[in-house]
Each structure stands twice: as structure tokens, then as C-alpha cells.
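Observations on the model geometry
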Amino acid sequence: MESLTQATVQPPCTGFEIDPSIITKYSTQGPRYTSYPTALLFSEQFTSANYEQYLDIANTDPAPLSLYVHIPFCRWLCYYCGCNKVVTKKAGVVREYLDHLAIEIGLLSKRIGANRQVTQLHFGGGTPTYLDDAELTELIHLLASHFQLDDSQHREYSIEIDPRTVNPDRLALLRGLGFNRLSFGIQDTNPQVQKAINRVQRTEQVIELVGAARAYRFSSISFDLIYGLPLQNCETLNRTLDDVISLRPDRIALYHYAHMPARFPAQKAIERHSLPNSAEKLAMLSLATERLLAAGYTYIGMDHFVLPGDELARSQKEGHLQRNFQGYSTALAPDVLGIGVSAISAIGDCYAQNSKDLADYYWRLDAGQLPVDKGLIKSAEDQIRAYVIMELACNLGVCADVFATKFNALFWEKFAELRPKLEEMQGDGLLVIEPAGITVTEAGRMMLRNICMVFDQYLNSKMQSYSKTL
Ligand code: SF4
């Protein structure tokens, strides 16, 4: 077959023409597949002893390592928030947290890291820039004294930025500490929408920060945007897009706001009647997609737009894009070591999640244990399905030949029972089925979550817990 090669290679997405009835048909709840099986399947039967075994095995792997450090604190509560965070202005919270991170890093580095270069580092939260300059410096020194931090220009060291907590001088410090990528939480630039979500930040400040980031030669700038927020409509979103496009970030994540107040209590502060309805959200999604594509961005899938020269676009074109708990990633480091409360690690065939409760996280570390609360060891079947789902989500297709070599099984025999559902999707223009595999179409990029869901064998039991796909 011509369209699928050993590594599935895709042309960039250049247009957006999709029948609204198809979008409505596929608007359902489903995972974002930052892992498979998803975190909802993690079990408390997985213990720190299980995790230690995987760390010891991974320690002998010469491949690079990725570190994720979770900083849970925020100064203010954003009403749309669904993250694991602690909203506080109490003095001393960071000191206690840094002291416990030091214990965790000490325990982890005894088992893994001595021989593995850290090519990827991500600080997420919460608000990583809740830490002041001295605290951020201390944390980087702590990591550098226990792991092999990469100082080459190929490293990908990123940090999430709440624009309300930084100024150009702080960005200069972050650059000096080795970060070369910034991810700004923008959400929406309209003052009324910002007020309704309790996240008021001036666009002039964002403009100043982006200018400073470019002057300090950060190699990548990302923006997070959300559609479906209270008081948002096509007109307000259009203005936000004007602001965003004029700043030309390298990457834009455009997330759908999932109103789930029973699961995320902060969202109870949002008036239900101020939320746009499904038709308005669909119009906003179409508007944003059309405008970003017209502005030269490529839609790589799962809410992410990137400039054509960005590494993620290049990785997808070459067929080796990956996905992990931080979203899309290049294939630099296969294992992710999560550090901090609620952080998730992906080491070998296991996932391990630290306790989400700060007191419990501290208690376990004070007892000298790794603070793992739950996790999962992927079965052989999980590994097969994880491969297919990640290929679809990242590289927009599955090659039956590569599948056969990897798993010693025939792709279409293995998934014969899924064929009717896939054929229905083919009829709706989302994908192309051929003997040599599956290719996702341009329209199908908008429905990647739905296409991946066909291969998810756990979906039915967890459906209600996921956000809507569109
Ligand atoms: S959205 Fe981010 S900054 Fe806002 S409360 Fe949640 S974690 Fe904190």
C-alpha cells in the first residue's frame, strides 16, 4: 500500500471541512489518552514495592529519561479548574513541600537516574511559578545534584506559566536555570470571561512576557486556550484569537471546557446559564479551527495546533510523535519519572501515581517510603491496544506490517470484531481502511478521541467519568 509506510507518514492538515451533523454524532464522553489504560483504571493494589521493581529494571536502560515535577500550589482559584491543586497563601507551605521533594528525589535517585540523561523536564501544577526565585533555584539545584540534567541545546525543559505570577526578570531567571520552553495559561483574553472564571490577567502583560521570552531566546512558546467558558461566544473568541494569532506562539492547545461540578467542586461557582450551549460551542470550535489553520498552524490532533516548523509537527510527519501525561511529546525519552504530590510516572510497562493528598504524601515520605498510592502494570493485551491507540493519536494511522512485526499477529485478524465500527467511521469520512492498516483523514483528526475509543476495551465501565470529546 502506498499511503502507509513502515512509519506512518502524514501530510499536514490544511483545511477544515466537516459536516456539523458528524460532529454532533461523535460528541460523546471519552478519554484524552495521555495513557492507555487511562488513570481511572489505576489500582491501589499496585504498591511502592511494585514500582521499585520497575525502577530497578529501568535503571539499566541507557535511554534518556524525562522528569515531571508537580507543584500543587495556586494563589487564586480559577473556577473552571479540574487540576490537582492547593489554593493557599499560607506562609511556609513551599518550604515544607520542597523538604519533602528532597526526600522523594533522594529515594528515587538511589534507584534510577545515575546513568540516564534527563533530556526532558517539565514543571507543572498547580502553579510552578508559585515558587519564588530562590525556591525555583533550590529545586533545580536539587534535581541537578541527583540526576544527569542535559545542558545541550536539544534538551526540552519546560514550565507552565501563570502570567499573573511572573515578570520579565523571572523569565530571565528561568532561562538561566535551564528552561527553554514556556507554556502560558491564557484561556481567554476577554475581561468579562476572565471575571466569570476568576482569572483576570491583562493582555498587555502577556504581550510583554512573550516579548521577553523571545528576547531571552526561549525556543518554544505554548498557549493554552479554552472554549466553552461562561460568557464566551464567537465574537469574544474571535477577539481572543486576534490577540493570540498576533503573538504567534509555536504551539496552541485549544481545550474544550468540561463542566463537571460534581467531580470538580471549583466549577460550582460557574453559573450554568452563563455557559454556551452545544451549538454555540460547535460554532466556536469551527471558528477557532478555521482561523488557526488560516493563520498557518497545523492541527496535529487531540486539541493541539503547532506551527509547521515545530518539532511536534516534524515528529508527526516522520511518524514518531509520542503522547504522555503532559500531552504530545517528541520521542526523546521513553520513561517519565513523576515527582511530587499526585504526579504520575510511566516506567517500562507500569504506571505509578503518587498520593493526591498532600498530608498523605508527606506522611509516606516521612516514613521513608516512595509515596505511590496506585498504579497499573500493563498486560500483554494492554500493550497491544496502547500501541494502536498511541499510533492513531500521534501518527494518525496504524501500519499492519509494523504491527505484525511488533506483536507477531495480523492486525485485521486481531481486531476483526472492530471492523464494522471502523467501517462506519470510514463512511463518515474519518478514516480510510486498507489491508495495510488504517489512515486517519483530515476530518478524522477532529475525532481522534472517538477513533482511539474503538480500541479501548475498558471504556464502557468508565464512560461517565470522562469529559466530552467535542
Ligand atoms: S487552573 Fe491552574 S492556576 Fe487556576 S486554580 Fe487550577 S491549577 Fe491553579
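So, how was this worked out
Residues numbered from 1 in each chain as written. Predicted model: local features only at pLDDT ≥ 70, side-chain atom pairs only at ≥ 80, totals over all residues. Heavy atoms only, no water. Helix = DSSP H or I, 4+ residues; strand = E, 2+ residues; numbered from the N terminus. Buried < 20%, exposed > 50% of the residue type's maximum accessible area, 1.4 Å probe, protein only. Polar contact = N/O pair within 3.5 Å; in protein donor to acceptor, adjacent residues only side chain to side chain. Contact = heavy atoms within 4.5 Å. Near = heavy atom within 4 Å. Nonpolar A, V, L, I, M, F, W, Y, C, P; charged D, E, K, R; others polar. Pairing = 2+ DSSP bridges. Arc of directions from axis to C-beta. Domains from an automatic or database assignment. Buried area = accessible area lost by both parts, 1.4 Å probe. Salt bridge = Lys/Arg side-chain N within 4 Å of Asp/Glu carboxyl O.

Further remarks concern the side chain of Arg 181. Inspection of the secondary structure puts Arg 181 in strand S7 (residues 181-187). A residue is classified by how much of its surface remains accessible, and Arg 181, at 6% relative accessible area, is buried. At 2.7 Å, the side chain of Arg 181 forms a polar contact with the side chain of Glu 311. When residues no more than four places from it in sequence are discounted, the contact partners of Arg 181 are Glu 156, Tyr 157, Ser 158, Ile 159, Phe 218, Ser 219, Ser 220, Arg 251 and Glu 311.

All right, on to the side chain of Arg 323 then. Mapped onto the fold, Arg 323 is located in strand S12 (residues 322-324). Separated by 2.8 Å, the side chain of Arg 323 and the backbone oxygen of Arg 32 make a polar contact. At a separation of 3.0 Å, a polar atom in the side chain of Arg 323 contacts the main-chain carbonyl oxygen of Tyr 33. Those residues within four positions of Arg 323 in sequence are excluded, and the remaining contacts are Arg 32, Tyr 33, Thr 34, Met 302, Tyr 328, Met 390, Ala 393 and Cys 394.

Neighbouring the ligand are the residues Cys 74, Trp 76, Cys 78, Tyr 80, Cys 81, Cys 83, Gly 126, Thr 127 and Arg 199. Tallied by class, the residues present in the shell around the ligand amount to six nonpolar, two polar and one charged.

Where a strand is regular, its side chains alternate between the two sheet faces. Extensive coverage of strand S16 (residues 350-354) is indicated by the burial of five of its five residues. Taking every second residue as pointing to the same face, both faces of S16 are buried, with Cys 350, Ala 352 and Asn 354 on one and Tyr 351 and Gln 353 on the other. Alignment of strand S15 (residues 344-347) against S16, held across four bridges, turns out to be antiparallel. Among the inter-strand pairings, Ser 345 is bridged to a residue of S16, identified as Ala 352. Between S15 and the antiparallel strand that follows it, S16, lie two residues; Gly 348 among them carries a positive phi value of about 55°. When S16 meets strand S17 (residues 372-377), the two strands line up antiparallel, connected through five bridges. Its bridge partner being in S17, Tyr 351 is matched across the sheet by Leu 376.

Turning to helix H2 (residues 48-58), its buried residues number three or more, namely Ser 48, Tyr 51, Tyr 54, Leu 55 and Ala 58. Looking straight down H2, one finds its buried side chains confined to an arc of 115°; they lie on one side. Within H2, the exposed residues directed more than 90 degrees away from the buried face are Gln 53 and Ile 57. Buried positions along H2 lie against helix H3 (93-111), strand S14 (335-339), S15, S16 and S17.

To continue, consider the pairing of strand S4 (residues 117-125). Burial within S4 is extensive, with eight of its nine residues counted as buried. Across seven bridges, the pairing between strand S1 (residues 65-71) and S4 is parallel. Counted as the bridge partner of Val 69 is Phe 123 from S4. As paired elements, S4 and strand S5 (residues 148-149) share two bridges and run parallel to each other. Along S5, the bridge assignment pairs Val 118 with Leu 149.

When cut into domains, the protein gives domain 1 (20-32 + 380-465) and domain 2 (39-339). Distance between the C-alpha centres of domain 1 and domain 2: 27 Å. With 18 residues of domain 1 in contact, the opposing surface of domain 2 contributes 22 residues. Between domain 1 and domain 2, the buried area comes to about 1700 Å², and carbon and sulfur atoms account for 63% of it. By the criterion of area lost to domain 2, the three top residues of domain 1 are Arg 32, Cys 394 and Met 446, representing 34% of everything that side buries. The interface formed by domain 1 and domain 2 holds one salt bridge in total. Residue Asp 303 pairs with Arg 32 through a salt bridge whose shortest N-O separation is 3.1 Å. Here domain 1 is connected to domain 2 by seven residue pairs in polar contact (both at pLDDT 80 or more).

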